[in-house]
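Structural characterization, general
Below, each chain spelled out in residue letters.
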There are 2 protein chains.
Amino acid sequence: MKIAVCQYNPVIGDLIGNAGKIITGYKRAVKEGIDLVVFPELFLCGYPPLDLVEKKEFRDAVRLNAEEIAAITGNTGLIFGTITEDYQDKIGTGVYNSAALCYNGKIQFIQSKTLIPNYDVFDEVRYFESAKDVFVHEFRGERLGISICEDIWNDADYWKHRRYTVDPVQKLVDGKATILINISASPYAYGKRKQRYNMLSVLTKTDKLPLIYACCVGAQTELIFDGGSLCLNSSGKLDLMGKTFEEDYFIYDTHKEYPEIENVEASFEEEVLSAMILGVKDYANKTNFKKALVGLSGGIDSALVTYVAVKALGNENVHVVLMPSKYSSEGSVIDSLNLISNLGISSGNISIQPVVDVALGMLKDSFNGKNEDITEENIQSRIRGLYLMALSNKMGYLLCTTGNKSEIATGYATLYGDMCGALAVIGDIYKTQVYLIANYINKKNEIIPNEIIEKAPSAELRPNQTDQDSLPPYDLLDRILKMYLEEQRECDEISNIIGNRDVVKKVLRLVDLNEFKRKQAAPVLRVSTKAFGYGRRFPIVQGWRK
Amino acid sequence: MKIAVCQYNPVIGDLIGNAGKIITGYKRAVKEGIDLVVFPELFLCGYPPLDLVEKKEFRDAVRLNAEEIAAITGNTGLIFGTITEDYQDKIGTGVYNSAALCYNGKIQFIQSKTLIPNYDVFDEVRYFESAKDVFVHEFRGERLGISICEDIWNDADYWKHRRYTVDPVQKLVDGKATILINISASPYAYGKRKQRYNMLSVLTKTDKLPLIYACCVGAQTELIFDGGSLCLNSSGKLDLMGKTFEEDYFIYDTHKEYPEIENVEASFEEEVLSAMILGVKDYANKTNFKKALVGLSGGIDSALVTYVAVKALGNENVHVVLMPSKYSSEGSVIDSLNLISNLGISSGNISIQPVVDVALGMLKDSFNGKNEDITEENIQSRIRGLYLMALSNKMGYLLCTTGNKSEIATGYATLYGDMCGALAVIGDIYKTQVYLIANYINKKNEIIPNEIIEKAPSAELRPNQTDQDSLPPYDLLDRILKMYLEEQRECDEISNIIGNRDVVKKVLRLVDLNEFKRKQAAPVLRVSTKAFGYGRRFPIVQGWRK
């Protein structure tokens, strides 16, 4: 069977646009004599549609669009992800996350999702019921076993600890499927594609069935979908893989021999950089921003964000602004100018000092003679935020925030100051990873000036300040953070590993205390298995760690 | 049976503090010769514990505390809500939201929650599995039928549309329970107590069983728990009700006759005001803020927020600041001063104009000769935000934001400007409701100057500006918003009711477009069935309404 995988990029809620993509892909495949065309999970409405699903008018519009798409089909099969509804069902939502198989002008078969994920960034139980049953559908001499995303992530042969009691794919195998098709919208995290491939390889080998895993591509606010759709033969060998981080259309012939693909995943640096670039590009494209703005401090974080923005939108569409104060080092300005010249971008330079001075003067009496403290540092950062937002408002720039994961974790950032912006581009990579990626970018040519990479990190909000005045060294900090945030370990366990309970306690306390800041932070592009933002639900007011 | 209901206020995660409250309540009841002492749902860890539940060290600490509490029990029974774990369970989380019944030094019986809510502000499926079964437990000659919160919200006799197929309370009835006990943590929304009473009355009357519904009290960031625990006899009559919006300890004797309680709910104005006051009080208490700060504009929103803060923390603990610009009317200053004097609070006055002028001067060249627009208005608002945050940082004030629901909905607020602050006190009440409550406050004495209530609402960010330059009249706007936000209606349906499709489309578009602002907004005290914040999950980047 010849199957076309349409690894396309939907816009959430844009039914007409997404339906157009389905029809275009289908027509192309028909011309090419394909048997079956496959689009990813919930492609018609975009994933995740979230509370849009709760609107009856939205669901009705989805249904109408699905029927209109089905109406144009001929004898070539078409599978796409959509929302379906059981109007008879008087208990629960009666709403399903489904795959619709269409041909000859109609939706001929619907298979709904059985395993409804509800952890981390997944919230599907709010909206969708579990499929009542699983069936195989005969089409053109094959028995299609269709499943949706999570359905295939519960294989008893692969997982030591399973989330669900049911295994819908096993039901398809028991139902004598000859081809497995999984339509998916699986958010990117580094390492996941390899894990997915390993899992699917075990599954196809065990079940002796070929598998087409069709995943969407594109960023939806903080979630990035990396494409990389996979086609495995019945021996668990990877025959074909879709492009990563871009749209793709490719044909898989289940009767053809393919050379084995060995590398499913590039290096951390390459992958994560591509993910962030796609994240910025799609945020801008899907919200109609043409140009991005970054506040350039002379530090490595804003340098990396600027680089990502340039790769996403082109150097002609990135503007940076230097906002020196009396604490800014000369080096910072020179380094920034070198970066600007290396990237070929436009820039401005506006001192914050006059505004800082007047603001401090106006506030003096209200401060009641209290000593200088973090307040004065925050004022500088907030006036930078004020400038950046003014430029964004006036010129229509998309403002990118520059905080990294270590900083967001520990609250080493000023709310309404350097945290201003629409998108936290590098908010899911630790400071040590920022360095890794900067060095990777510089492998061939020095794009990010070495001085930026080599100097001690500093917020430059008071004389001779460095990050390490307030934080442990970044390599230690990041180790602690990773265990705490991504591995769900706690104080005792981490202290045993690190061997210094005081520093662990201090870091964990900082992370917890700063939840209120993160509540008001920009969406973070997610590139790890546990990012700040939607997938983390930590109480703001709490007393766990006194 | 004599039952003590301990309607107390836990702190999320503060196991030692919460355990202390359980032990204190239990000891008091023992002295008073009570048979059974009941604490609310998840009282030991506080509700909702959210991602804390995912930490093994946290769950272990909960278990240890629960065992220590059980160890002090004698022959008086004690029921409290806690987390339990099935370590043998190799599928799913194996973690349960449970009621522990203790006596004679041990946990004697555990009933876990069957119906795991996962809509609006509820996210429990992420953490908890459904109870495997439901049992009645004999104690002191009665057969206790224990259920947990949502378990009792699926009565087939009461609901036309049910969420779940199972009815655990029916199982208790079938198991010949003689007393029903429901431990609960049901977040406040106006109207819910009445609905709950109606539902429980039908249930007890039908099942011919008395019911003790024990609910917690207190605010947990945005969620407010209103207490008002209910004891109904086997004819559906309300015998006793706990205090509302404060802690309570009371005894219910299932064999005693009580006069019927008729009013379970006060007026909208009285209830919602109490809820907001508790919200501010608990946020401050549980985060160790002593004093609150409000930016006083002369408008009704900041006047109401100031009043709430005064009632929550005392007039000696509320500071306000006037921050006039050249667009501020003389009236606004006079009105503010009258309010300050009526409330007896301290105040400051810092003009923003000098900082605005310098900032605009510094930005002039970068604006490339573009005309004045919203940018200049935002700058004023952001400098006010800068002042407020500086005062908050320097003096340790809890900054309350002053946006109402109509404003937050339509984005009629400046991100990083008037949206600065830790808590959105009136963020779940519409502008028309702000007026209702202001008039209610003034019923006896004019506390909020009438001028503030009577003048046309204005942001005073440009000459002669009023809110109605950009927004439809508030009574119309609020009708549209309520249908859209709280009743999940969409454009067609609302337009049919309102009779003006253009204005409906415009409002809905504004709401959708401003999701990015709300992503970065302060937590909103929830007093309706659908508030902005945690319970709303709307995509930021989307194309549903073009």
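Residues numbered from 1 in each chain as written. Chains lettered and ligands numbered in written order. Predicted model: local features only at pLDDT ≥ 70, side-chain atom pairs only at ≥ 80, totals over all residues.

**Some words on the overall build of chain A**
- A count of helical and extended segments in chain A gives 16 helices and 19 strands.
- Compactness check: chain A gives a C-alpha radius of gyration of 26 Å against a globular reference of 24 Å for 546 residues, within 12% of the reference.
- Oriented by its inertia axes, the alpha-carbon framework of chain A measures out at about 80 × 50 × 50 Å.
- Across the 546 residues that make up chain A, the buried fraction comes to 57%.
- For chain A, the proportion of contacts with a sequence separation of at least 24, taken over those separated by at least 6, is 72%. (Helix = DSSP H or I, 4+ residues; strand = E, 2+ residues; numbered from the N terminus. Rg over C-alpha atoms; globule rule 2.2 N^0.38 Å. Buried ≥ 20, exposed ≤ 12 C-beta atoms within 10 Å, placed from the backbone. Contact = placed C-beta atoms within 7 Å.)

**Section: the environment of Asn65(B)**
Residue and element names in this part refer to chain B.
- With respect to the helices and strands, the residue Asn65 is situated in helix H2 (residues 56–71).
- Asn65 sits 474 residues away from Pro539 along the chain, and the two C-alpha atoms are 40 Å apart.
- Discounting residues that sit within four places of it in the chain, Asn65 has contacts with Leu15, Ala19 and Leu44.

**Examining the sheet that holds strand E18 (residues 397–401) of chain B**
All names here are of chain B.
- Pairing is parallel in the open sheet, where five strands are placed in the order E17-E16-E15-E18-E19. In this open sheet, the two strands that pair with only one neighbour each are strand E17 (346–349) and strand E19 (423–424).
- In this sheet, E18 lies alongside strand E15 (residues 291–296) in parallel orientation, the contact comprising three bridges. Looking at the pairing, Leu293 lines up with Leu399 of E18.
- Lying over the sheet, helix H5 (residues 268–287) contacts E15, E18 and E19, oriented at roughly 150 degrees with respect to E18. (Pairing = 2+ DSSP bridges. Axes fitted to C-alpha atoms, helices over the stretch in contact; angles between N-to-C directions.)

**Let's talk about the pairing of strand E4 (residues 95–103) of chain A**
All names here are of chain A.
- Within E4, eight of the nine residues are buried, leaving the element largely enclosed by the surrounding structure.
- Across six bridges, the pairing between E4 and strand E5 (residues 106–112) is antiparallel. What sits directly across from Ser98, in E5, is Ser112.
- Between E4 and E5, which pair antiparallel and follow one another directly, the connecting turn spans two residues, one of which, Asn104, has a positive phi of 50 degrees.

**Some thoughts on the sheet that holds E4(A)**
Residue and element names in this part refer to chain A.
- In spatial order, the strands read E5-E4-E3-E2-E1-E14; together these six strands make up an open sheet with mixed pairing. Each having just a single partner strand, E5 and strand E14 (248–253) make up the two edges of the open sheet. Between one strand and the next, the sheet's axes are offset by a mean angle of 30 degrees, whatever the strand orientation.
- For strand E3 (residues 77–85) and E4, the ladder comprises eight bridges, and the chain directions are antiparallel. In the strand pairing of E4, Glu85 is matched with Val95.
- Across the sheet, helix H1 (residues 15–31) touches strand E1 (2–7), strand E2 (36–38), E3 and E14, and the angle it forms with E2 is around 150 degrees.
- Of the strands in this sheet, E3, E4 and E5 are in contact with helix H2 (residues 56–71), which crosses E3 at around 160 degrees.

**Notes on the relation of the copies chain A and chain B**
- Relative to chain B, chain A is turned by 180 degrees and slid 0.0 Å along the rotation axis, the superposed coordinates differing by an RMSD of 0.0 Å. The superposition operator between the copies reduces to a two-fold rotation axis. Taking the C-alpha atom as reference, chain A places Gln520(A) closest to the rotation axis, 2.0 Å from it.
- When the interface residues of chain A are mapped onto chain B, 100% of them again lie at the interface, so the same face is used by both copies. (Least-squares fit on C-alpha atoms with pLDDT ≥ 70 in both.)

**Focus on the interface of chain A and chain B**
- With 80 residues of chain A at the contact, the number on the chain B side is 80 residues.
- Among the secondary structure elements, those contributing two or more residues to the side of chain A that touches chain B are H2, helix H5 (268–287), helix H8 (353–363), helix H9 (374–395), helix H14 (491–498) and helix H16 (515–519) of chain A.
- With 13 residues, the single largest contributor to the side of chain A that touches chain B is H9(A).
- For the side of chain A that touches chain B, the per-class residue count stands at 39 nonpolar, 19 polar and 22 charged. (Nonpolar A, V, L, I, M, F, W, Y, C, P; charged D, E, K, R; others polar.)

**Points about the pairing of E15(B)**
All names here are of chain B.
- Most of E15 is tucked away: five of the six residues are buried.
- In this sheet, strand E16 (residues 318–322) lies alongside E15 in parallel orientation, the contact comprising five bridges. Within E16, the residue paired with Leu293 across the bridge is His319.
- Read as a crossover between parallel neighbours, the route from E15 over helix H6 (residues 300–313) to E16 is right-handed. (Right-handed = clockwise from strand over helix to strand, strands pointing away.)

**Notes on the domain arrangement of chain A**
All names here are of chain A.
- Here chain A is described as being made up of domain 1 (2–265), domain 2 (271–464) and domain 3 (472–513).
- Here domain 2 and domain 3 have C-alpha centroids that lie 27 Å from each other.
- Opposite the seven residues of domain 2 that make contact, domain 3 presents 10 residues.
- When residues in the side of domain 2 that touches domain 3 are grouped by element, the largest group, three residues, is from helix H10 (residues 405–410).
- Among the residues forming the side of domain 2 that touches domain 3, the class breakdown is two nonpolar, four polar and one charged. (Domains from an automatic or database assignment.)

**Some remarks on the packing of helix H13 (residues 474–486) of chain A against H14(A)**
All names here are of chain A.
- Between H13 and H14, the least distance of the axes is 10 Å, while the angle of their chain directions is 145 degrees. Every pair of crossing elements has a handedness; the one defined by H13 and H14 is right-handed. Here Arg479, Ile480, Met483 and Tyr484 of H13 lie close against H14, whose contacting residues are Ile494, Ile497 and Ile498.
- By residue class, the composition of the contact of H13 with H14 is six nonpolar, no polar and one charged. (Left-handed = near helix turned anticlockwise from the far one by under 90°.)

**Digging into unusual backbone geometry**
- For the bond from Tyr47(A) to Pro48(A), the omega torsion is -5 degrees, close enough to zero to count as cis.
- Secondary-structure assignment places Pro48(A) in the loop between E2 and H2.
- Phi is positive for Asn368(A), close to 55 degrees, though the residue is something other than glycine.
- With respect to the element layout, Asn368(A) can be found in the loop between H8 and H9.
- Phi angles above zero are rare outside glycine, and Phe245(B) is one such case at about 60 degrees.
- Secondary-structure assignment places Phe245(B) in the loop between strand E13 (238–241) and strand E14 (248–253).
- The exposure class of Phe245(B) is buried, given the 22 C-beta atoms found within 10 Å.

**Side note on the confidence of the model for chain A**
- Predicted confidence across chain A gives a mean pLDDT of 96, with 100% of residues reaching 70 or more.
- Here the prediction assigns the complex a pTM of 0.97, and the interface score ipTM is 0.96. (pLDDT = per-residue confidence, 0-100.)

**Re helix H4 (residues 192–207) of chain A**
All names here are of chain A.
- Over its 16 residues, H4 extends 22 Å from the first C-alpha to the last, a length consistent with the 22 Å expected when each residue adds 1.5 Å.
- Looking at H4, one finds that the buried residues are Arg193, Arg196, Tyr197, Leu200, Leu203, Thr204 and Asp207. All buried residues of H4 project into a common sector of 135 degrees when viewed along the axis, lining one side.
- Lys208 lies just past H4 and shows a positive phi near 55 degrees. (Expected span 1.5 Å × (residues − 1). Arc of directions from axis to C-beta.)

**A look at the packing of H6(B) against helix H11 (residues 431–441) of chain B**
All names here are of chain B.
- In the contact formed by H6 and H11, the axes pass within 10 Å of each other and the chain directions differ by 55 degrees. Here H6 lies oblique to H11, going by the angle between them. Our pair here, H6 against H11, has a crossing hand that is left-handed. Two secondary-structure elements touch here, H6 through Ile300, Asp301, Leu304 and Tyr307 and H11 through Val434, Tyr435, Ile437, Ala438 and Ile441.
- Looking at the contact of H6 with H11 residue by residue, the class counts come to eight nonpolar, no polar and one charged. (Parallel < 35°, antiparallel > 145°, perpendicular 65-115°, else oblique.)

**Some remarks on the environment of Pro259(A)**
- Looking at the element boundaries, Pro259(A) is found in the loop between E14 and H5.
- Separated by 194 residues in sequence, Pro259(A) and Ile453(A) have C-alpha atoms that sit 42 Å apart.

**Details of H6(B)**
- Between its first and last C-alpha atoms H6(B) spans 20 Å; for 14 residues at 1.5 Å apiece the expected length is 20 Å, and the two agree.
- Looking one or two places after H6(B), you find Gly314(B), whose phi comes out positive at around 95 degrees.

**Brief notes about the environment of Lys160(A)**
Residue and element names in this part refer to chain A.
- Of note, Lys160 is situated in the loop between strand E7 (142–148) and helix H3 (168–174).
- The class for Lys160 is exposed, based on 6 C-beta atoms found within 10 Å.
- Separated by 101 residues in the primary sequence, Lys160 and Arg59 place their C-alpha atoms 38 Å from one another.

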